[in-house]
Amino acid sequence: MRFSEKVAFLVTERRGLMWSVVVLIAIVSVGILMAFLRLDTEVLNLLPRGFDSVEGLKTYNSEFAQTRELTFALLCQPEDVDKLEEFAPKFVERLRAQPWCVRVLAGSPMETPDGVRDLQRIALPLLLNLEPDAFDRAISLLQPQKIQERLAQLRREIESGSPRPEIELTLDPLGLITPSLKPFAGNAAMETDQPLTSPDSTMRVLPTVTNQPSISAFDCQKLMKQVNAFRASAVEGWDGGKLEMLITGRSAYVAEISLSMRHDIVATVLSSIALVGAVFFIGFRRWLPLLGMGFALLLCCLIGLAAGLLIFHRLNMVTVGFCAILVGLGVDFAILIYGRYQQARSEGDEHRVAVADAVHSLGRAVFFGALTTAVGFLALVLSNSSGFIQLGVLIAIGISAAGLLMTTVFFLFVPRGNVPLRSDWILGSVKNYVHRMLARPRSILAISAPILIALLIIAIVPQIPLTFEANARSLEPKNSRAGTALSLIMQKMPVRWEPVLGIVRAATEQQLHDFWKAISQHWAELQRDGKIKSFSTPDALALSPREMQRNRQKLASINFDAARTALQNALTQNRFNPGAFASAFELLNQLQAAAAPGYKIPSWRTQLPPGSAWWFLVERYFAQDSLTTTGFVTTNAPVARQEEKNVLARELPVAGIPITLSGWSYTLTDLVPWSHRQLLLISALMAIFDASLLAILYRDFRLWLVQVITLALAVAAMIASMKMFHVPLNLLNVLAFRLVLAIGVDYGIYVLLVWQRSHDVARDLTGVVKPVALAGLTAIAGFGSLGWAHNPTLSGLGIACAIGLFWSLAATIFFTLPAAVAVKPKLPQEHFTEAELEHA
């Protein structure tokens with residue numbers, strides 16, 4: 001018994017067994033989904049692996065404190081600048097009072113009493129961390145004579161009317177704190193690197209750290225729900241014109257992306273089902289087979305998602321388009337099989353015989369169609385992008401399942417008495433076209449060939465450019481409030497361009513100190529030579545146990561009792577209130593205690609309170625793991641070309657120190673060439689696979705050549721259409737070209753296999769062209785439905801594929817078939833009379 005007869009026997013005579021297997025598969029798949037469903041909302045996971053710059057971005061985005069930081073911004077009209085100055089402190093107090101707020105940076109910590117006290121708390125470890133020469137100069141200030149001279153000089157400056165000595169007395173009466181912070185302040189001027197007020201004073205930026213427990217999608221959604229509730233009442237009391245409150249940050253992005261993923265799943269799947277179902281019903285006007293097709297596709301989606309979760313454990317934002325794509329592709333097999341089944345029934349075959357005939361006639365075409373489509377999507381593994389790897393693997397699994405289920409389970413929904421309608425205007429139109437095409441193929445080529453050649457010319461001429469979006473915004477959700485807020489902040493604030501990140505990991509504190517000391521010296525040389533504009537590093541905060549031990553031994557030579565006495569006398573002589581200088585006496589006590597061998601120096605991290613504004617500066621450099629750090633390099637111009645990136649990659653590292661260079665602009669110089677390689681190299685490999693498979697299938701050079709030319713013309717027409725309609729390519733939707741090659745070749749396989757093997761050409765071509773046309777329309781509808789997605793990567797991929805599949809379908813029907821008839825006629829043209837043509 002042939003395979004087709006076995007299938008017909010099972011779906012007609014063993015329906016209970018088939019339903020049992022179907023229910024078991026559905027239960028297992030749903031169970032896996034309920035137990036293991038996890039969503040990956042990280043945008044950076046869509047970027048390709050294998051680039052150090054990409055891995056550096058992921059590290060900076062996940063391990064540093066910005067993961068729990070939101071940026072609030074108040075934007076007013078130019079005439080309300082003074083009102084914003086008055087309103088901002090009130091807003092900050094409301095913000096600090098929120099239960100989810102840990103700390104807010106409203107200005108330089110040096111301008112607040114709390115900021116000064118916090119700085120004094122960390123003076124001891126930073127002082128002990130100084131280089132030997134700098135430490136010796138600092139502790140020389142503890143000599144009694146120098147203490148007296150310093151305070152006398154500050155008194156004279158105060159009496160002369162200078163405000164600086166009052167600030168210095170408040171912060172550093174002994175003169176020891178300033179030297180300990182000098183390396184730090186020299187490389188990291190907070191107000192310069194991260195200004196909090198725009199030059200025109202219409203915007204105030206307020207970085208805020210939240211207490212959300214994790215950066216999961218659900219925790220981010222919960223936080224943003226609270227933040228949005230605060231947004232509704234936060235500007236009460238404002239009496240000026242329009243005041244915008246902007247909110248951006250990782251949590252805002254994750255919440256938007258996760259919610260947009262939910263929208264994308266619902267919108268794309270429902271629109272795809274509606275469009276595909278409409279095409280199927282228009283083509284066959286049968287409800288029960290339509291229901292069967294939908295059930296089989298749903299089962300394919302469940303199988304693909306369940307298998308994907310078992311393989312990848314998480315599904316990302318691109319994979320949510322899997323169901324919509326699979327619906328558009330998997331229905332092809334149902335249309336082909338059911339079209340052949342209807343043709344057999346219309347010729348008088350019984351239900352079981354018609355099922356066997358449909359599976360036998362088109363089972364081979366369905367198998368190779370599923371194979372080429374699965375291989376095309378599996379080729380996405382070569383992209384090194386986890387998002388598209390998942391998409392490719394899931395659709396490869398789903399389309400393989402669709403090929404099997406549409407030739408088996410689908411027939412469970414086809415009743416034995418299902419007789420096709422006597423009037424079928426689509427079939428009549430197809431029959432008319434086939435007869436005319438067989439009679440006069442060159443007349444059809446005379447119309448289709450010039451159109452395709454004209455589009456080929458448009459595709460290759462450089463005067464009409466193809467837009468390529470090489471920026472991070474092309475990966476953000478459409479109409480993103482967080483993205484819009486970030487853009488407005490970047491426009492208003494005087495940020496020159498994004499710095500290059502240098503991420504360094506070390507095994508010990510001493511190694512971290514040595515690494516950054518060498519890097520800082522090297523970058524200082526580059527700055528002196530004019531190769532970079534500026535830099536900042538955590539050099540001063542990277543403690544050296546070796547230097548601290550050496551400096552502690554030096555403290556043994558200091559007479560702290562004499563220093564205290566000198567300080568007390570100097571305060572009295574210069575008419576200062578000794579009670580206001582308790583911090584100076586406390587620092588002397590700490591230094592004396594540190595001179596003892598058994599004393600344990602407290603970490604500066606434990607001395608800063610959680611709400612201290614200094615954490616905003618510290619956490620720029622230190623990750624949650626204190627041995628993972630980053631420095632920043634501002635280049636002389638924005639990094640725009642790979643040649644510039646290569647120069648930095650050669651100049652910035654120090655021999656023997658592992659450093660990962662990254663940053664969005666820096667990374668894009670890697671991703672643009674990668675994207676071009678995806679467009680050319682991987683698509684070329686897919687084309688080679690298609691060409692080889694076609695050679696094996698047809699074993700006829702003329703038919704092979706016709707199919708290859710068709711693929712080339714279809715891709716050229718796709719490029720031309722994208723040029724004319726200004727459909728942009730981005731870093732990831734360039735992968736559409738390989739998918740079009742993989743899917744578009746199926747249409748040619750379906751019709752040319754029938755043409756090559758048929759003994760009744762007119763009948764068999766009519767029976768296959770209608771299903772192919774309907775299948776193409778459903779695939780276009782499936783991909784086109786992705787245009788509803790909020791994620792531009794997904795919508796861009798869908799639109800590009802829909803355009804490519806449209807031209808693949810049109811080229812197959814109006815170029816491939818007449819060209820095959822012209823180059824390899826099977827029947828003499830005069831066999832078709834005008835009467836037969838009119839009869840159609």
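All residue numbers refer to position in the chain's written sequence, counted from 1. Only residues with pLDDT of at least 70 are given local features in this predicted model, and only at 80 or more are side-chain atom pairs given and counted; all residues enter the totals for whole chains, interfaces and linings. To obtain the side-chain values, all non-hydrogen atoms of the structure were included, while hydrogens and water were left out.

S.K.: Any chance you could explain the overall build of the protein here in plain terms?
M.R.: Strands are runs of DSSP state E lasting at least two residues, helices are runs of H or I lasting at least four, and both sets are numbered from the N terminus onward. Scanning the protein from terminus to terminus reveals 33 helices and twelve strands. Over its C-alpha atoms the protein spans a radius of gyration of 36 Å, topping by over 25% the 28 Å that the globule rule assigns to 840 residues. Its C-alpha atoms put the protein at 125 × 55 × 55 Å along the principal axes. Only protein chains enter the accessibility calculation, which uses a 1.4 Å probe. A residue is then buried if its area is under 20% of the maximum for its type, exposed if over 50%, and partly exposed in between. A buried classification covers 56% of the 840 residues belonging to the protein. The contact definition used throughout considers only heavy atoms, calling two residues in contact when any of these lie within 4.5 Å. Taking the contacts inside the protein whose residues are at least 6 apart along the sequence as the reference set, 83% of them involve residues at least 24 apart. Element-wise, carbon and sulfur atoms account for 61% of the exposed surface of the protein, whose accessible area totals about 35,300 Å². For the purpose of counting charges, residues Lys and Arg are taken to be positive, whereas Asp and Glu are taken to be negative. His and the chain ends are not included. For charged residues, the charge sits on one atom: NZ in Lys, CZ in Arg, CG in Asp, CD in Glu. Looking at charge distribution, the protein has the averaged site of its 74 positive side-chain charges lying 6 Å from that of its 67 negative ones. The size measure is the radius of gyration over C-alpha atoms, and the globule rule it meets is 2.2 Å times the number of residues to the 0.38 power. Reported accessibility uses the Shrake-Rupley method at a 1.4 Å probe radius. Residues are deemed covered only where the shown protein chains occlude them.

S.K.: Would you take a moment to explain the environment of phenylalanine 281 for this structure?
M.R.: Locating phenylalanine 281 in the fold gives a position in helix α13 (residues 250-284). Once residues within four sequence positions are removed from consideration, phenylalanine 281 is found in contact with Arg286, Trp287 and Leu290.

S.K.: What should I look at first to understand the confidence of the model for the protein in this one?
M.R.: Caution is warranted with low-pLDDT regions, since their predicted coordinates should not be read in detail. In this model, the protein carries a mean pLDDT of 82, and residues with pLDDT of at least 70 account for 91%. You can read pLDDT as the predictor saying how much it trusts each residue, on a scale of 0 to 100. Segment residues 186-192: pLDDT under 50, and 15 contacts once partners within four positions in sequence are set aside and those in other chains are kept. Here residues 827-840 is a poorly scored stretch, pLDDT under 50, and it has 19 contacts once near neighbours within four places are set aside; other chains count.

S.K.: What am I meant to see in the packing of helix α21 (residues 509-528) against helix α22 (residues 545-555) here?
M.R.: Any two packed helices are characterised by how steeply their axes cross, that is the angle between the axes, and by the distance between the axes. The interhelical angle for the contact between α21 and α22, taken along N-to-C directions, is 95 degrees, at an axis separation of 8 Å. Compared by their axis directions, α21 and α22 come out roughly perpendicular. Seen from α21, the contacting residues are Glu509, Gln510, His513 and Asp514; seen from α22, they are Pro545, Arg546 and Glu547. Only the stretch in contact is used when a helix axis is fitted, and all axes are lines through C-alpha atoms; the angle between N-to-C directions ranges over 0 to 180 degrees. Angle categories are assigned with fixed cut-offs, so that under 35 degrees is roughly parallel, over 145 is roughly antiparallel, 65 to 115 is roughly perpendicular, and the rest are oblique.

S.K.: How do you make sense of the nonpolar core when you look at a structure like this?
M.R.: Generally speaking, a soluble globular protein has its nonpolar side chains buried in company with each other. Met293, Phe411, Leu765, Val768 and Phe783 are the most contacted members of the largest nonpolar core, which totals 146 residues. The residues contacting methionine 293, other than those within four sequence positions of it, are Val276, Phe280, Val331, Ala334, Met406 and Phe410. One finds Phe64, Val116, Ile139 and Leu181 within the second-largest nonpolar core, a separate group that totals 80 residues. Residues belong to one nonpolar core when they are buried, are Ala, Val, Leu, Ile, Met, Phe, Trp, Tyr or Cys, and are joined through side-chain atoms within 4.5 Å.

S.K.: Can you walk me through the sheet that holds strand β3 (residues 101-104) in this structure?
M.R.: The pairing of strands in a sheet happens through backbone hydrogen bonds and is either parallel or antiparallel. Strands qualify as paired when DSSP identifies two bridges or more between them. Overall, antiparallel pairing links the four strands, which are arranged β3-β4-β2-β5 in an open sheet. Strands with a single pairing partner mark the edges of an open sheet, and in this sheet they are β3 and β5 (244-249). Neighbour-to-neighbour, the strand axes of this sheet turn through a mean angle of 25 degrees, independent of strand direction. One ladder, built from seven bridges, connects strand β2 (residues 69-75) with strand β4 (residues 203-210); its direction is antiparallel. Looking at β4, one finds that phenylalanine 72 is bridged to leucine 206. The sheet strands contacting helix α4 (residues 81-96) are β2, β3, β4 and β5, and the helix crosses β4 at an angle near 10 degrees.

S.K.: Explain helix α30 (residues 736-757) here, please?
M.R.: Every α-helical turn comprises 3.6 residues, leaving residues that sit three or four positions apart pointing alike. Its 22 residues give α30 an end-to-end C-alpha distance of 32 Å, which sits within 8% of 32 Å, the value for a rise of 1.5 Å per residue. Across the 22 residues that make up α30, a large majority, 20, are buried. A helix is expected to span 1.5 Å for every residue after the first.

S.K.: Teacher, can you tell me more about the packing of aromatic side chains here?
M.R.: When we look at a pair of aromatic rings, we describe it by the centre distance and by the angle of the planes. To pair, rings of Phe, Tyr and Trp, with the six-membered ring standing in for Trp, must have centres within 6.5 Å; the planes then decide the type, stacked if under 30 degrees apart, edge-to-face if over 60, and tilted in the middle. For the coordinates displayed, the defined rule picks out 24 aromatic pairs. Relative to phenylalanine 91, the ring of phenylalanine 87 lies with its centre 6.5 Å away and its plane at 40 degrees, an arrangement referred to as tilted. Note that phenylalanine 87 and phenylalanine 91 are positioned in helix α4 at a spacing of four residues, about one turn of the helix. Here phenylalanine 87 and phenylalanine 91 have matching classes, each one buried. Between tyrosine 433 and phenylalanine 814, the aromatic rings sit 5.5 Å apart at their centres with planes inclined by 75 degrees, giving edge-to-face as the arrangement. With tyrosine 433 in helix α18 (residues 425-439) and phenylalanine 814 in helix α32 (residues 792-823), this residue pair connects regions lying 381 residues apart in the sequence. Tyrosine 433 sits in the buried class, given a relative accessible area of 15%.

S.K.: Any chance you could explain the state of the cysteines here in plain terms?
M.R.: The term disulfide refers to a covalent linkage connecting the sulfur atoms of a pair of cysteines. We call a pair of cysteine sulfur atoms a disulfide whenever their separation is within 2.5 Å. According to the stated counting rule, one finds zero disulfides in the structure shown. Here cysteine 220 is not disulfide-linked; the sulfur of cysteine 101 is the nearest cysteine sulfur, at 16 Å. Given the relative accessible area of 1%, cysteine 220 is considered buried. Of all cysteine sulfurs, the one in cysteine 301 lies closest to cysteine 300, which takes part in no disulfide; the gap is 6.9 Å.

S.K.: In this structure, what is going on with the side chain of threonine 669? I would like to understand it.
M.R.: Note on placement: threonine 669 falls in helix α28 (residues 664-698). Residues adjacent in sequence count toward polar contacts only when both atoms are side-chain atoms; beyond that, a polar contact is any pair of N or O atoms within 3.5 Å, and within protein one must be able to donate a hydrogen and the other to accept it. Reaching out from threonine 669, the side chain makes a polar contact with the backbone oxygen of tyrosine 666 at a distance of 2.5 Å. The residues contacting threonine 669, other than those within four sequence positions of it, are Val639, Ala640, Arg641, Gln642 and Lys645.

S.K.: Explain the sheet that holds strand β11 (residues 659-662) here, please?
M.R.: On the basis of which strands lie adjacent, the open sheet formed by four strands has the order β9-β10-β8-β11 and antiparallel pairing. Each edge of the sheet is formed by a strand with only one pairing partner; in this case those strands are β9 (534-536) and β11. Direction aside, the axes of adjacent strands within the sheet are offset by 20 degrees on average. The sheet contact formed by strand β8 (residues 500-505) and β11 spans four bridges and is antiparallel. Following the sheet pairing, isoleucine 503 is matched in β11 by threonine 660. The strands touched by helix α26 (residues 614-621) are β9 and β10 (628-634); relative to β10, the strand with the most contacts, the crossing angle is about 90 degrees.

S.K.: What is the right way to read the pattern of salt bridges from this model?
M.R.: Pairing between side chains of opposite charge can happen when the charged atoms of each approach one another. By definition here, a salt bridge exists when the distance from a side-chain nitrogen of Lys or Arg to a carboxyl oxygen of Asp or Glu is within 4 Å. Applying the stated criterion across every chain, the model contains 17 salt bridges. A salt bridge links lysine 517 to glutamate 131; the nearest nitrogen and oxygen atoms lie 3.2 Å apart. Taken as a pair, lysine 517 in helix α21 and glutamate 131 in the loop between α6 (123-128) and α7 (132-139) lie far apart in primary sequence, 386 residues in all. Given the relative accessible area of 26%, lysine 517 is considered partly exposed. A relative accessible area of 31% places glutamate 131 in the partly exposed class. Arginine 641 serves as the salt-bridge partner of glutamate 644, at 3.5 Å between the closest nitrogen and oxygen. Of the residues examined, glutamate 644 reaches a relative accessible area of 27% and is grouped as partly exposed. Note on arginine 641: relative accessible area 46%, which makes it partly exposed.

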